There are 2 protein chains.
Amino acid sequence: MKARVHVTLKNGVLDPQGKAVHHALQGLGFAGVEDVRQGKFIEIELEGTDVEKARSDVKEMCEKLLANTVIENYDIDIVA
Amino acid sequence: MKARVHVTLKNGVLDPQGKAVHHALQGLGFAGVEDVRQGKFIEIELEGTDVEKARSDVKEMCEKLLANTVIENYDIDIVA
């Protein structure tokens, strides 16, 4: 079973990486870009077939390691 | 209009960041994790309402800046 996790900065938290990408895109001539935010995308391959257990395990992984919940949100998708 | 871009390492390309996360998860006692791959997730806010133009612009952004197409794949979702 596979979990797909998105970790993104909360609204209002400054995103220097996104700002750098935005600036670089403007430098390349992409004028229609209004904002860029960059986050992390983590794919986790899990043993077992229990979707609910997988979801609760991955939630714990996010809380303990993958996300800094003071400044980041996370979003979990479990795929077969 | 918003574009959501996933940039992931191609299969077979070594992923030291994913390996580090995998190792850290094992150290925290998560035994059921078989593999971890880490990629980037980029949200781009775009002017205009033309979905096809947005898709082709973002494809060009990926080719020129966001992804290293020698070792990375990218995937584009345009959301309203």
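See the structure above.
Figured I'd write up the structure that's included with this text. (Residues numbered from 1 in each chain as written. Chains lettered and ligands numbered in written order. Predicted model: local features only at pLDDT ≥ 70, side-chain atom pairs only at ≥ 80, totals over all residues. Heavy atoms only, no water.)

1. A few points about the interface of chain A and chain B
Filter applied, for reference: Here a residue-residue contact requires only that any non-hydrogen atoms of the pair lie within 4.5 Å. The term buried area refers to how much accessible surface (probe radius 1.4 Å) is lost by two components on association, counted for both of them together. For this document, the term salt bridge refers to a Lys or Arg side-chain nitrogen within 4 Å of an Asp or Glu carboxyl oxygen. In protein, a polar contact requires one atom able to donate a hydrogen and another able to accept it; more generally it is a pair of N or O atoms within 3.5 Å, and residues adjacent in sequence count only if both atoms are side-chain atoms. Helix and strand definitions follow DSSP, with helices as H or I runs of at least four residues and strands as E runs of at least two, each counted in order from the N terminus. In the scheme used here, Gly and all other residues not listed as nonpolar or charged are polar, with Ala, Val, Leu, Ile, Met, Phe, Trp, Tyr, Cys and Pro taken as nonpolar and Asp, Glu, Lys and Arg as charged. One requirement defines pairing of two strands: DSSP has to find at least two bridges between them.
Every contact between the two is made by 31 residues of chain A and, on the other side, 31 residues of chain B. Summing both partners gives a buried area of about 2,700 Å² for chain A against chain B, and 66% of it is carried by carbon and sulfur. At the junction of chain A and chain B, the tally comes to zero salt bridges. Linking chain A with chain B are 11 residue pairs in polar contact (both at pLDDT 80 or more). Looking at the side of chain A that touches chain B, the elements that each hand over two or more residues are β1 (2-9), α1 (16-27), β2 (33-46) and α2 (51-66) of chain A. Ranked by residues supplied to the side of chain A that touches chain B, first place goes to β2(A) with 14 residues. Each residue belonging to the side of chain A that touches chain B can be placed in one class, and the counts come to 15 nonpolar, five polar and 11 charged. Alignment of β2(A) against strand β2 (residues 33-46) of chain B, held across 13 bridges, turns out to be antiparallel. Bridging from a neighbouring strand, A:Glu43 pairs with B:Arg37 of β2(B).

2. Regarding α2(A)
Note the threshold: Multiplying 1.5 Å by the helix residue count minus one yields the expected span of that helix. Only protein chains enter the area calculation, which uses a 1.4 Å probe; residues under 20% of their type maximum are buried, those over 50% are exposed, and those in between are partly exposed. What the arc measures is the spread of directions leading from the helix axis to the C-beta atoms.
Between its first and last C-alpha atoms α2(A) spans 19 Å; for 16 residues at 1.5 Å apiece the expected length is 22 Å, and the helix comes up short by more than 12%. Listed as buried for α2(A) are A:Ala54, A:Val58, A:Met61, A:Cys62 and A:Leu66. Seen end-on, α2(A) carries its buried residues on one side only, within an arc spanning 100 degrees. More than 90 degrees from the buried face of α2(A), the exposed residues found are A:Glu52 and A:Lys64. Buried residues in α2(A) make contact with β1, β2 and β3 (72-79) of chain A together with α1 (16-27) and β2 of chain B. A side-chain oxygen of the first residue of α2(A) lies 3.1 Å from the backbone nitrogen of A:Glu52; this N-cap is A:Asp50.

3. Some thoughts on the pattern of salt bridges
Residues and elements named next belong to chain B. If you walk through the whole model with that rule in mind, you get eight salt bridges over all chains. Close ionic contact of Glu60 with Lys64 constitutes a salt bridge, the shortest N to O distance being 3.1 Å. Within this pair, Glu60 and its partner Lys64 are both found in helix α2 (residues 51-66), separated by four residues, close to a single helical turn.

4. Quick notes on the environment of A:Leu46
The residue A:Leu46 is located in strand β2 in this model. Residues A:Leu46 and A:Val5 lie 41 residues apart in sequence; the distance between their C-alpha atoms is 13 Å.

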